[in-house]
Structure formats: C-alpha cells, structure tokens
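Summary of the model geometry
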Amino acid sequence: MMNSLSLRHALCTSLLVVPALLFAQTIDKSSPPAGVAAVVNGKNIPESLVQEAIKLTGLPDSAPLRNAVKSQLIARELFRQQAVKSPALENRPEVKKAMQEAKDAAMIQLYLRDAIKPSPVTDDMVREQFNAIVGSLGPNEYKARLIQVEDDASAQKVLEQIKAGADFAKLAAQYSTAANKNRGGELEWVSFKLPATEGKTQNLPLPVAQAISELVPGGVTKTPVVWNNERYVIRLDQLRPTQVPQYDDVKAALRQTMERKALEQATLKLVGELTSSAKIQQ
C-alpha cells in the first residue's frame, strides 16, 4: 500500500497531472469489483486510495476532482508497471536509497504512534483553560505592529523615516528581523490586564506590552523599546473593547491546541529519555 508521503509526492508531481480524457479511448466501461476504483492490467487501485488522495489535496470532494485523482493514480500504476519490467532500475543506487528512506519513514511513524502517549485532554480541562484565558483578559484589545532591529542606529533610522511619512508596514518588511516582517510587522489582537505584569501579557515581552498599552491608535513609540538586546519600534493600529467569544464557538479549536501541546510535551519527554540513554557524538 502506498504511504501518505509517496501519495502526496505523486499528486504534487506535474508529470502525473493527467487529464481524465487521456484514458477515454482505453477504459473498460465494466464496473470494477466493490471497493476498487480501477483495475489496471489486473492490478487493483483501491477506492480507499482515491479517498486518501482527495484528502491530501485539501479540496472538497467532487466528481471532477475524483476523476482527476483517479486518472493520476491510473497513470502512476501504468508507469510503475513499465518500470518494474526493467530489473536494472531496481538496482540503481538512487532507487535503493529512496526505498530505504521510505521504509525508515514508515517505521519511525509507526514507532512514534505507539511510543508517544500524550496526556488526554478532558472537557473539564478545556473549560478550565477557557476560563483561565478569559480571566487573564483586560478591558481592551490591541492590534499593533512592530519593527525589531538589533541596534540603536537602525532603530533611529526607522523612526526618522516614520516621521518623514514612510509606510510602517513597508519599513517592517525592509528592516525588521522579526518573523512577522513579511506581514508588515503585524501582531494578532491581544488583551491583558492593566497595568501589564510579567508573565501575564499573552506572551508579549513585558516592555512591549507596556508600550502598546500606552499608545493611542495611529501612535508610534517615540523612542525604541529595549528588550533582550533588541530594539522595537511599535505602532498601535486599532483599539477596541475586549470581545470574549462564546465557549461553544472556540472549544473545538482550544481542544486542538491543548492536544497539540500535550503531543509536543510527550514527544519532548520521549526525546529526553532516548537521549539520556544514548551515546551521542557531535
């Protein structure tokens, strides 16, 4: 059975984007067996493989998409059947390497599925987390942008250009070293109790949160905010009363976040256990 990695590769390979009409003259119109999408020279392509491929595209299921996917899988099977007729291909180093890598990936995936045991996330835990988040919110929500630079000279250059009317987002893309530079330095909506205190600023550095809370919409920090040897120029775009979502609207997303965190913690625990008992040279 083709694993999800090889299936994704097949779907993403332009060579396999084969129009369904390509097979219009050669397809046997008799129905394949139950649970089989197509039969290629006696080789079954399971319907489950078509379903998996459709999921990997991320697109909604439809007859045109199903036909296109089926055509790609038929083409792939035709190519495979021709390839195996040449024993020399199987013995080529690149084929052996790819086979070993695919085997390793599948074994690792199965091992991790069995070995990693994240703590279960209960309904009570989700509700408790929701209440904790709501309890940490302040009266207002802030939508801000920031430009992170490494030294005072760079920060001063940015501030001078802002005073001259330069676009903040464009300056962020040009000068910022933060991960959000390609989004013009944009931050997500954030809310925290005032005065801002360490560890209760929704993961913002305390000096950054304090600066944001003191700005009015459209305002920019007059001097760089210094934190962790970095300089931050901050602009507040919008300010609004805090909007608390209904629990039922966010509980599914919150559960997913908590389950992902539990999985990450279980993975780190396993890595630590394996590392402590291994002999590693670097």
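Below, the structure is looked at part by part. (Residues numbered from 1 in each chain as written. Predicted model: local features only at pLDDT ≥ 70, side-chain atom pairs only at ≥ 80, totals over all residues. Heavy atoms only, no water.)

1. A closer look at the environment of K157
Assignment of secondary structure puts K157 in helix α7 (residues 152-163). Taking the relative accessible area as the measure of exposure, K157 reaches 43% and is therefore partly exposed. (Helix = DSSP H or I, 4+ residues; strand = E, 2+ residues; numbered from the N terminus. Buried < 20%, exposed > 50% of the residue type's maximum accessible area, 1.4 Å probe, protein only.)

2. What to know about the environment of P46
Within the secondary structure layout, P46 lies in strand β2 (residues 43-46). Sequence-wise, P46 and G35 are eleven residues apart; in three dimensions their C-alpha atoms are separated by 6.0 Å.

3. A look at the pattern of salt bridges
Tallied over the full model, the rule gives eleven salt bridges. Taking the shortest distance from any N to any O, the salt bridge between K143 and E186 comes out at 3.0 Å. Taken together, the residues K143 in strand β3 (residues 140-149) and E186 in the loop between α8 (168-175) and α9 (206-214) connect sequence positions 43 residues apart. A relative accessible area of 10% means that K143 is categorised as buried. Using a relative accessible area of 26% as the deciding quantity, one classes E186 as partly exposed. Between D237 and R235 there is a salt bridge, and its shortest N-O distance comes to 2.7 Å. Looking at D237, the relative accessible area reads 23%, which means it is partly exposed. Classification of R235 by relative accessible area gives partly exposed; the value is 22%. Within the structure, one salt-bridge network assembled from shared partners comprises E47, D61 and R66. (Salt bridge = Lys/Arg side-chain N within 4 Å of Asp/Glu carboxyl O.)

4. Here we look at the sheet that holds strand β5 (residues 230-241)
Strand order across the open sheet formed by three strands is β3-β5-β4, with antiparallel pairing between neighbours. What marks the edges here is a single partner per strand, and that holds for β3 and β4 (225-227). On average, each strand axis in the sheet is inclined to that of its neighbour by 40°, with strand direction left out of account. Bridge analysis of β4 against β5 gives three bridges, and the strand direction is antiparallel. Pairing of V225 across the sheet is with Y232, part of β5. On top of the sheet, α8 reaches β3 and β5; it is set at about 40° to β3, its chief contact. (Pairing = 2+ DSSP bridges. Axes fitted to C-alpha atoms, helices over the stretch in contact; angles between N-to-C directions. Contact = heavy atoms within 4.5 Å.)

That is the geometry; function is a separate question.
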